[in-house]
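Listed here are the chains, written in short residue letters.
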Amino acid sequence: MKLGVCYYPEHWPEARWPIDAQMMREAGLDVVRIAEFAWANMEPEPGHYTWEWLDRAISVLAEAGLQVILGTPTATPPAWLTQAHPDVLRVDRNGRTRQHGSRRHACPTSPTYRALSRAIVSAMAARYGQDARVVGWQIDNEFGGGKTARCYCDRCADAFRRWLQARYGTLAALNAAWGTVFWSQTYDAWEQIQAPDDAIDKPNPSQELDSFRFCSDAFVAYQQEQIDILRASAPGRFITHNFMGLYRDLNQFDLAAPLDFVSWDNYPTGNPDRWRKLLYPFGVDPGRSDPVYAYDVGDPIITSMAHALTRGLKQRPFWIMEQQCGLINWGDVNPGVRTGTPRLWTWHALAEGAEACVYFRWRPSPYAQEQYHSGLLRHDGAPTIGLAEVRALAAARARMAAVAATPFTAEIGLLFDFDDLWAIQLEPHRRGFDYLRHLFVYYQALMRLGLPVDLVPLRADLSRYKLLIAPSLHIADDERAARLRDYAAQGGGLLLGVRSGFKTGSNLVPQEPLPGALRELVGAQVTHWQSLPDGVEMRLESAVPSLNTPATIWVEYLQPETARVLAHTASGHAVWTENGVGNGRCHFLGWYPTPDQARALLLHLIETSAVPFDLPPLPDLPHGLLAYRRGPYTLLLNFTDQTLTASPAGAPVSVPPRDVLVLTS
Amino acid sequence: MKLGVCYYPEHWPEARWPIDAQMMREAGLDVVRIAEFAWANMEPEPGHYTWEWLDRAISVLAEAGLQVILGTPTATPPAWLTQAHPDVLRVDRNGRTRQHGSRRHACPTSPTYRALSRAIVSAMAARYGQDARVVGWQIDNEFGGGKTARCYCDRCADAFRRWLQARYGTLAALNAAWGTVFWSQTYDAWEQIQAPDDAIDKPNPSQELDSFRFCSDAFVAYQQEQIDILRASAPGRFITHNFMGLYRDLNQFDLAAPLDFVSWDNYPTGNPDRWRKLLYPFGVDPGRSDPVYAYDVGDPIITSMAHALTRGLKQRPFWIMEQQCGLINWGDVNPGVRTGTPRLWTWHALAEGAEACVYFRWRPSPYAQEQYHSGLLRHDGAPTIGLAEVRALAAARARMAAVAATPFTAEIGLLFDFDDLWAIQLEPHRRGFDYLRHLFVYYQALMRLGLPVDLVPLRADLSRYKLLIAPSLHIADDERAARLRDYAAQGGGLLLGVRSGFKTGSNLVPQEPLPGALRELVGAQVTHWQSLPDGVEMRLESAVPSLNTPATIWVEYLQPETARVLAHTASGHAVWTENGVGNGRCHFLGWYPTPDQARALLLHLIETSAVPFDLPPLPDLPHGLLAYRRGPYTLLLNFTDQTLTASPAGAPVSVPPRDVLVLTS
Amino acid sequence: MKLGVCYYPEHWPEARWPIDAQMMREAGLDVVRIAEFAWANMEPEPGHYTWEWLDRAISVLAEAGLQVILGTPTATPPAWLTQAHPDVLRVDRNGRTRQHGSRRHACPTSPTYRALSRAIVSAMAARYGQDARVVGWQIDNEFGGGKTARCYCDRCADAFRRWLQARYGTLAALNAAWGTVFWSQTYDAWEQIQAPDDAIDKPNPSQELDSFRFCSDAFVAYQQEQIDILRASAPGRFITHNFMGLYRDLNQFDLAAPLDFVSWDNYPTGNPDRWRKLLYPFGVDPGRSDPVYAYDVGDPIITSMAHALTRGLKQRPFWIMEQQCGLINWGDVNPGVRTGTPRLWTWHALAEGAEACVYFRWRPSPYAQEQYHSGLLRHDGAPTIGLAEVRALAAARARMAAVAATPFTAEIGLLFDFDDLWAIQLEPHRRGFDYLRHLFVYYQALMRLGLPVDLVPLRADLSRYKLLIAPSLHIADDERAARLRDYAAQGGGLLLGVRSGFKTGSNLVPQEPLPGALRELVGAQVTHWQSLPDGVEMRLESAVPSLNTPATIWVEYLQPETARVLAHTASGHAVWTENGVGNGRCHFLGWYPTPDQARALLLHLIETSAVPFDLPPLPDLPHGLLAYRRGPYTLLLNFTDQTLTASPAGAPVSVPPRDVLVLTS
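From a predicted model like this one, the values you see are computed outputs, not experimental measurements.

**Q** Explain the interface of chain A and chain C residue by residue, including any values.
**A** Each side of the interface is counted separately: chain A has 49 residues, and chain C has 53 residues. Taken over both partners, the interface formed by chain A and chain C buries close to 4300 Å², and the fraction arising from carbon and sulfur atoms is 54%. Of all residues in chain A, the largest losses of buried area upon contact with chain C belong to Arg96(A), Gln369(A) and Tyr372(A), amounting jointly to 18% of the total for that side. For the pair chain A and chain C, the interface holds two salt bridges. Note that Arg96(A) is salt-bridged to Asp197(C), the shortest N-O span being 3.3 Å. In this structure, the connection of chain A to chain C is made through 22 residue pairs in polar contact (both at pLDDT 80 or more).

Here it is in structure tokens:
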């Protein structure tokens, strides 16, 4: 378990550098990330590089015993660059060109920007690639941040057309895939095709899904150019990118694939506050914090889900590349952070599979956009409570390392797919129906039961799971169905939910009975679906008494073919089926569950699993206390201001407010 | 009473067509509307027509005994058209040009678009105008849908100036009509004039009203070109257009005038949900459905008002050209539709004066924007409950035909005027004051009393009404006043409400005492008006005890000249007057009534009518039950999930949930 | 005390003018403001002036004994002007060019517009500058109204760069002042610099603050050109501008400096309704009116604050140049105004230091944007209740004059600074933290105690105050600190609040301990700050029992150096300090107070003041009753619909609803 910090030597006089480095080292830090926004300092004029300051900064840090991570600075092109090459600027969905003065204002499809990015990265890599003091590289910074995932410039339109040509070959194939016979949309020249922007009322969802995919692929290709340079010039150094947790606009799995490991930027009082508007189930006021948690810790279940998705990107341990250690500047309230909280966050990351935690930032910037974003020091250079916390954590490094050395293992997998997410986002059909929110119903139920869960793509190794949940496996084809069938046939339990199998790969509805390619697996047809207004309930009768509460939100009627019925509506329509598949089984839940229903369902599925579970659920875990079981260790994290008591291993244990207990069996 | 369906043969393989036609016929359908979005299929390249597929589709349908209605496809210009002629694209109020990829992206004033529209319609008419299998034509589709009524392109600006030249002749006349002396707005060159867009802060309401009129006239002229072609080439075939109920951005009366009859597209779970935000009176939470109604039927009183306006467009029976028969895809929740509901909607349309009901659609599209919009079949081609409903309705055709053969007669007229609506929309003065909402206060009171009412323009034959209500006859002139005086003098009862007579035809305030041209008719002056904040009440004393509840929202003080006072405020200001006019009378109600006040007022006016009413009010009608009395028939429609009981003809009758009873006297 | 009215002779036939003038005179009016929107009437073609109508209008008014104020018409350039010179049009933050058809559509930095403005003002001044009937001039109209303070045209971008060159000299200085080292923002050519518009995501706050200053300076310079012309050609005539109360987008102090006196446009049912969304403290529903006040008077404390700021602009009496006298047209509800209310507003203005009250308007316009804005006459020319009120006020002129002759004196000053306001607006850090709202907490507490208070800039003469409050003296430097130290050293009491001293003049955080330049004065450091989410409380222990309620919203921990601690948190952090400064003292309140806390604090500070106060607080004043003590007079104004009783001078006095009592001691 490494600890580190983000540092901006270019912000401070050189005379301060050794003092800072010494303080870092004394605090027990191992690594320092630098340089990721310093393009103008490295190349103040076109082609004129000024590495000397960076050389000196690296030296000062290395001499204090710190390892250096370099960020490529391509998120912040200098003013001379965009002045000389205005064609690199991105254009938003409303047609406005983004200007210099912030960051991420360049477009990844721009050939000019690509060439200039390659040049700066090549120059950096040539100078530092084999520098022993530099242990790894971060590519760019937070791809897609500030709503920059999608660009609507003319270069992107051209590139989109080329991407479509590569995907479909002919216009005839594209017209078929997009169903352009509808509303005379048929294309007879490639130049007619646009990425749908805000000038189009209600765009074609097939076209829009492809435009989302294209934009994501553009970042994947842009990143790959930097990876290729670094692989060649910086052998043996790790390459990563700092992701943004539950960020939805780019396909994180695709971006993660070529990296050595992934990292993410974890701001518990910022991100969850934004995501909770999206995630909380119907009926919970989306604007208010859940009152259970302490006001300065953020919603820990949402943070957990972001950790879990990041862990799932490569199904291996990850880094926190930016870890909040005090108040931030971009949230709604930006509450002050109290003693204990940074420690709680660090242990939480570790519990979820992080193997390094790099705090953001060393000292707050006196300058520009992030003046109100705190660090481990104050503006005047004095230490904060955050620094004291880090020092204490570093002192307890052995215990952290012992826990980190045990693998994070989950018996339950939750399938995650960006195509499914986007397709439902484009056609929610019912206000509030959202892919991520649907997943979160299960995710929070599992966390409240203390059960570890992985968020994984369908292409992952599924055999490790005893239960696999796909709340909305929306896009289906024979290959996907076969993977799931193989999984189940080997004894796995599979749970599919509403809206599964509703779409083809090009976002059309299949012309066969729903759930299309998944029908044989499910052993039933979906004959009809009902979106229910808020407050409307549909009574159910289930074989499992704890599930005999009414259905709300969304109901699908099932007509069993090979499956048996586990629940039906008062009017007699089947809404829950179980189908035997080889040694395993496939459940289909024909309604959108409440959190309580999800909990009851999960307990039932675990209890009746063909393969018994190793870790028992912890149904008595109090709200606000998270439990992680890692090898011989049980971690209990209290995210409230009250002392909470749990009995994860028999005897009751009390956890003080905002504290962490590590029990060893 | 005809039944029909909308069909898109171009979406399906030809081998499927005979199966579909056979199923339609077996379900008892009479007519099929086709082709209205198929331009790219008819003319895949400029000037190259491919009628063969359409010939075959018409043959297949006709051979199954179905009559064909053809839609002109001008709402969906092909990609080659807009690529070759970008000058046809419309521009929105923010200056953005709409692109290919959806529909209604062309501008009706574009000479290029007009010429191309004439060409395709001429070609269609030449081929099918005298085809015996084609019984009628629909022009274009839903003029103005998707917020396309108003265009801000340069061609429209030019056309607007020409329209103004024709209307005003000289700039001096225009300057006077628009009151441009205010804020130095005076024009001294025609080219200076623009349609006010979002770049103008708080535009001149006279200029804006004229720009609304111009945009409406542009569609009238555009439609007329197609009508002229069809009249010449398709003799004896009916010509209609599918309107959108309470749609407000175009003058529906003007568009309706040259048509043989009007039709409209009725989506009870979609339209009312949008309109209820607008229509429900102050104090009712506008975001929530009235809990009385079943969740899948929509608000039946709002649907009724849309039927009534459509019936009033030409004061004769109309068609439903698109009738919802399952869930839709463009509403907020899009609730599922249960057995019984499509039948209820169909009888409701019939009760309101529809003489045909064409269901939308035969089979849901697997493609593009409307994949989640259901039809009479499922996506896989299997029948839905909707088809079963339609089959049962077709079987009961005789009873429907008998009711349809009786004329819809109303003793009460509600005046409707788009100029009045727009003028108040441009200057509501008080948050929430809306013309349509004001009318709806009376409309819902009448429906709750089981009283039929027509929505008619002032130019209609008014002599048929015993009571005529103009809640806000906002724009007044001598001609309008004379029509009303003539009506009243012959024994009619006229009720005028607040904001009547406030404006001249060019949207200025008259410089004479209010209500301006209506003053003599009213027999009183409006000396002062009060807009009251929410929660503020003004106590009243009225000669009619049931009206002694406080006034809210808006109050006008009256100074009687020839009228007598029927109510006054606690401070002694007259707020309700009655003026004798020949054999009749004119009431002026000086406040914005609550629904209960409107009900009490209506009962009072009917009771004291100079000419006795034939149909008594039904004050005991339970909420959610609509009653229609058509000749010997009384129709009772229950829009709730409870059995409701009423005694429209003496003895109590129970109507099951979502059911229709037809009583014969 | 003068009374007057705004009049638009160009709207009416000349035959009406003598009637109007006679009615004005009979109503007791003294002055008439005319011409401020009549450019098109004065110069209907370029360079062709038509003064004759204006000559006659002035004559008619003068002959009736009325004094004339002329407005320069530059807020409304004619259509020919913008058609011939489209480069004068302003561009909004979204890049849209504003068009003719409203007002304020020209940009003050445009050289063309400047030249044309100078030309029309020179011509007017040449004709009327020495006209004895014209007693004064109003420059333009409501600078910045309709969101026009800031323009984003290319000319403004150029002028901004020149302004920056003048301010910073070199790019190096600018880069340092803006901290452009952050995110590679460094500029190496002046042309790279833009005013941050909506195309930039999260701009640099130093850059944005300078762009706000530049826009304000542009209006100052624009105004100065007109002042220079009038000073030369209209000797002895007063020059003023009509401000907009609490308007925040321009630096009102800078605009006021070169004027003889300032005036403002007071619409009590309009402005406060907009401002209350901004001003009311956390926890009060911002959308609802405080139910205490009568519905047609507006929020009187907000109106008072606008009077006070206007009075503070030059620290001398001011005019109301437009005083609401009936309903307006631009508010949310625009409630009707009852008898008594215009009189109440007039006395309120007088009590706050107005020396003239000019009603808006004589007669409502039948034309264009303001048809629903009432006047002293009705649309048809008949008198309204407003006119009756004015006549009665004029008859009681002697009493008003006697009160007006006494100086408005305050023992408490509230510091107001537009740079501070803007800097916090650009980085509120916590939702709802607003400079003006923070001031209003104190302002309303003072008004509820009947204590007069001045809103003054730091550069004013501070020695007159016994207590000086700076809730957020955000930007600090040595000069500012020295002024405050001098004030306190001479015996003054100074209260500083949270976020004081957080910023430098170029909007950076100082790199020394907070509150930076104010640290010595405060005698303590701010070591940490906490923004608290809604509902989170921090318990305090204070030496003043009435202040022992919890802190909310925002807390700063203090580390005393020379100060003594008056309150600390339950965790032991100091949050209120008092530091002796010469003969006076400086308090630092380390949290954002509730209104009750502000009241308790004020009472404590007054009670313990080094220099005793002359006017005692009136702690028993009922809510809704405002008390002003001016020399021998005590004015009691009741803004409610109930009779209220107070004892400002011992014996209880009852004030009827919406009435004014003037007591003489």
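Additional details are given in the paragraphs that follow.
**Q** Give a description of the domain arrangement of chain A that names residues and reports values.
**A** All names here are of chain A. Here chain A is described as being made up of domain 1 (412–607) and domain 2 (625–664). Computed over C-alpha atoms, the centres of domain 1 and domain 2 are 32 Å apart. In this complex, domain 1 contributes four residues to the contact, which on the side of domain 2 involves four residues. Interface of domain 1 and domain 2: buried area, both sides summed, is about 300 Å²; carbon and sulfur atoms make up 51% of it. Applying the counting criterion to the domain 1 and domain 2 interface returns zero salt bridges. Taken together, the connections running from domain 1 to domain 2 amount to one residue pair in polar contact (both at pLDDT 80 or more). When the residues that make up the side of domain 1 that touches domain 2 are grouped by side-chain class, the tally is three nonpolar, one polar and no charged.

**Q** Can you explain the interface of chain C and chain B? Please cite residues and give values.
**A** With 49 residues of chain C at the contact, the number on the chain B side is 53 residues. Across the chain C/chain B interface, buried area totals approximately 4300 Å², and carbon plus sulfur atoms make up 54% of it. Among the residues chain C hides against chain B, the three largest losses belong to Arg96(C), Gln369(C) and Tyr372(C). Together they make up 18% of the total. Inspection of the chain C/chain B interface yields two salt bridges. Listing elements by their share of the side of chain C that touches chain B, those giving two or more residues are helix H2 (39–42) and helix H4 (79–84) of chain C. Tallied by class, the residues present in the side of chain C that touches chain B amount to 20 nonpolar, 17 polar and 12 charged.

**Q** Can you lay out the packing of aromatic side chains for me, pointing to particular residues and giving the numbers?
**A** Taken as a whole and assessed by the stated rule, the structure comprises 99 aromatic pairs over all chains. Relative to Phe502(C), the ring of Tyr372(A) has its centre 6.5 Å away and its plane inclined at 25 degrees; by these criteria the two rings are stacked. Here Phe502(C) lies in the loop between strand S13 (493–496) and helix H18 (519–522) and Tyr372(A) lies in the loop between strand S9 (354–360) and helix H13 (385–395), a pairing that spans two chains. For Phe502(C), a relative accessible area of 2% translates into the label buried. Residues Phe416(A) and Tyr435(A) carry aromatic rings whose centres are separated by 5.8 Å and whose planes lie at 90 degrees to one another, so their mutual orientation is edge-to-face. Taken together, the residues span a long stretch of sequence, with Phe416(A) in the loop between strand S10 (412–415) and helix H15 (418–426) and Tyr435(A) in helix H16 (residues 435–448) at a distance of 19 residues. With relative accessibility at 2%, the residue Phe416(A) sits in the buried group. Tyr435(A) gets classed as buried once you look at its relative accessible area, which sits at 3%. Site record: aromatic cluster; members linked through ring pairs are Tyr8(A), Phe37(A), Tyr267(A), Trp330(A), Phe360(A), Phe182(C) and Trp183(C).

**Q** Account for helix H3 (residues 52–63) of chain C, with residues named and values stated.
**A** All names here are of chain C. Between its first and last C-alpha, H3 extends 16 Å over 12 residues, near the 16 Å set by a 1.5 Å rise per residue. Trp53, Leu54, Asp55, Ala57, Ile58, Val60 and Leu61 are the residues of H3 that are buried. Buried residues along H3 sit against helix H1 (17–26), strand S2 (31–34), H2, strand S3 (67–71), helix H5 (111–128) and strand S4 (134–138).

**Q** Give me the lowdown on the relation of the copies chain A and chain C, citing residues and values where you can.
**A** For the pair chain A and chain C, the best superposition has an RMSD of 0.1 Å and corresponds to a rotation of 120 degrees with a translation of 0.0 Å parallel to the axis. Classification of the inter-copy transformation places it as that of a three-fold axis. Every residue of chain A has its C-alpha some distance from the rotation axis, and the shortest such distance is that of Asn94(A), at 5.9 Å.

**Q** So what's going on with helix H19 (residues 595–607) of chain C? Which residues, and what values?
**A** Here H19(C) is 13 residues long and its end C-alpha atoms lie 18 Å apart, about the 18 Å a rise of 1.5 Å per residue gives. Gln597(C), Ala598(C), Ala600(C), Leu601(C), Leu602(C), His604(C), Leu605(C) and Ile606(C) are the residues of H19(C) that are buried.

**Q** Mind laying out the pairing of strand S11 (residues 453–456) of chain A, listing which residues take part and the relevant values?
**A** All names here are of chain A. Here S11 shows a buried face lined by Val453 and Leu455 and a second buried face lined by Asp454 and Val456. Bridge analysis of S10 against S11 gives four bridges, and the strand direction is parallel. Its bridge partner lying in S11, Gly413 is registered against Asp454.

**Q** Can you break down the pattern of salt bridges residue by residue, with the values?
**A** The final tally for this structure, using the stated rule, is 130 salt bridges over all chains. Here Arg361(C) and Glu370(C) are joined by a salt bridge, their closest N and O atoms 2.9 Å apart. According to the relative accessible area criterion, Arg361(C) is buried, its value standing at 0%. Look at Glu370(C) and you get buried, because its relative accessible area is 7%. Ionic contacts of the salt-bridge type, sharing partners, join the residues Arg167(A), Asp210(A), Arg213(A) and Asp419(A) into one network.

**Q** Tell me what's going on with the sheet that holds strand S4 (residues 134–138) of chain B, and back it up with residues and numbers.
**A** The strand order S5-S4-S3-S2-S1-S9-S8-S7-S6 (chain B) describes an open sheet built from nine strands, whose pairing is parallel. Every interior strand has two partners, whereas the edge strands, strand S5 (238–240) and strand S6 (242–243) of chain B, have only one.

**Q** Let's hear about the sheet that holds strand S21 (residues 625–630) of chain C: which residues, and what values?
**A** Residue and element names in this part refer to chain C. What the three strands build is an open sheet, ordered S21-S22-S25; its pairing is antiparallel. The sheet terminates laterally at S21 and strand S25 (660–664), the two strands that pair on one side only. Strand-to-strand twist in this sheet, taken as the mean axis angle between neighbours without regard to direction, amounts to 15 degrees. With five bridges connecting them, strand S22 (residues 633–638) and S25 associate as antiparallel partners. The residue bridging Leu636 from the neighbouring strand is Leu661, located in S25.

**Q** Could you give me a rundown of a negative patch on the surface, with the residues and numbers involved?
**A** Residue and element names in this part refer to chain A. There is a patch of like negative charges on the surface, built from Asp477, Asp478, Glu479 and Glu512. Its location among the elements puts Glu512 in the loop between strand S13 (493–496) and helix H18 (519–522). Taking relative accessible area as the criterion, Glu512 reaches 40% and is therefore assigned partly exposed.

**Q** Just give me the short version of unusual backbone geometry, but keep the residues and values in it.
**A** A cis amide bond links Phe360(B) with the next residue in sequence, Arg361(B), at an omega value of 0 degrees. As for its placement among the helices and strands, Arg361(B) is situated in the loop between strand S9 (354–360) and helix H13 (385–395). One non-glycine residue, Arg499(A), lies in positive phi territory at about 70 degrees. Tracing the chain through its elements places Arg499(A) in the loop between S13 and H18. The exposure class of Arg499(A) is buried, given its relative accessible area of 0%.

**Q** For the state of the cysteines, give the residues involved together with the corresponding values.
**A** What the rule picks out here adds up to zero disulfides over all chains. With no disulfide of its own, Cys156(B) lies 3.3 Å from the sulfur of Cys107(B), the closest cysteine sulfur. Assessed through its relative accessible area of 5%, Cys156(B) is described here as buried. Cys357(C) takes part in no disulfide bond, and the closest cysteine sulfur to it belongs to Cys325(C), at a distance of 9.2 Å.

**Q** Report on a positive patch on the surface, specifying residues and quantitative values.
**A** A cluster of basic side chains, namely Lys147(A), Arg274(A), Lys277(A) and Lys202(C), defines a positive patch on the protein surface. Along the chain, the position of Lys147(A) falls in the loop between strand S4 (134–138) and helix H6 (154–168). With relative accessibility at 75%, the residue Lys147(A) sits in the exposed group.

**Q** Could you give an account of the confidence of the model for chain A, with specific residues and numbers?
**A** Per-residue confidence for chain A gives a mean pLDDT of 96, with 98% of residues at or over 70. Complex prediction metrics read pTM 0.97 and ipTM 0.96.

**Q** So, the pairing of S4(B): which residues are in play, and what are the values?
**A** It is a general feature of regular strands that their side chains alternate between the two faces of the sheet. All names here are of chain B. By the criterion of burial, S4 is predominantly enclosed, with four of the five residues buried. In the sheet, strand S3 (residues 67–71) pairs with S4 via four bridges, with the strands oriented parallel. Paired with Ile69 across the strands is Gly136, a residue of S4. Pairing of S4 with S5 involves three bridges; the strand directions are parallel. For Trp137, the partnering residue across the bridge sits in S5 and is Ile239.

Rules of the game
Residues numbered from 1 in each chain as written. Chains lettered and ligands numbered in written order. Predicted model: local features only at pLDDT ≥ 70, side-chain atom pairs only at ≥ 80, totals over all residues. Heavy atoms only, no water. Contact = heavy atoms within 4.5 Å. Buried area = accessible area lost by both parts, 1.4 Å probe. Salt bridge = Lys/Arg side-chain N within 4 Å of Asp/Glu carboxyl O. Polar contact = N/O pair within 3.5 Å; in protein donor to acceptor, adjacent residues only side chain to side chain. Domains from an automatic or database assignment. Nonpolar A, V, L, I, M, F, W, Y, C, P; charged D, E, K, R; others polar. Helix = DSSP H or I, 4+ residues; strand = E, 2+ residues; numbered from the N terminus. Phe/Tyr/Trp six-rings, centres within 6.5 Å; stacked < 30°, edge-to-face > 60°. Buried < 20%, exposed > 50% of the residue type's maximum accessible area, 1.4 Å probe, protein only. Expected span 1.5 Å × (residues − 1). Least-squares fit on C-alpha atoms with pLDDT ≥ 70 in both. Pairing = 2+ DSSP bridges. Axes fitted to C-alpha atoms, helices over the stretch in contact; angles between N-to-C directions. Patch = residues over 30% accessible without salt bridge, like charges linked within 9 Å, V, L, I, M, F, W, Y side chains within 5 Å. Areas by Shrake-Rupley, 256 points an atom, 1.4 Å probe, with all protein chains shown as cover. Lys, Arg positive; Asp, Glu negative; His and termini not counted. Charge placed at Lys NZ, Arg CZ, Asp CG, Glu CD. Disulfide = S-S within 2.5 Å. pLDDT = per-residue confidence, 0-100.

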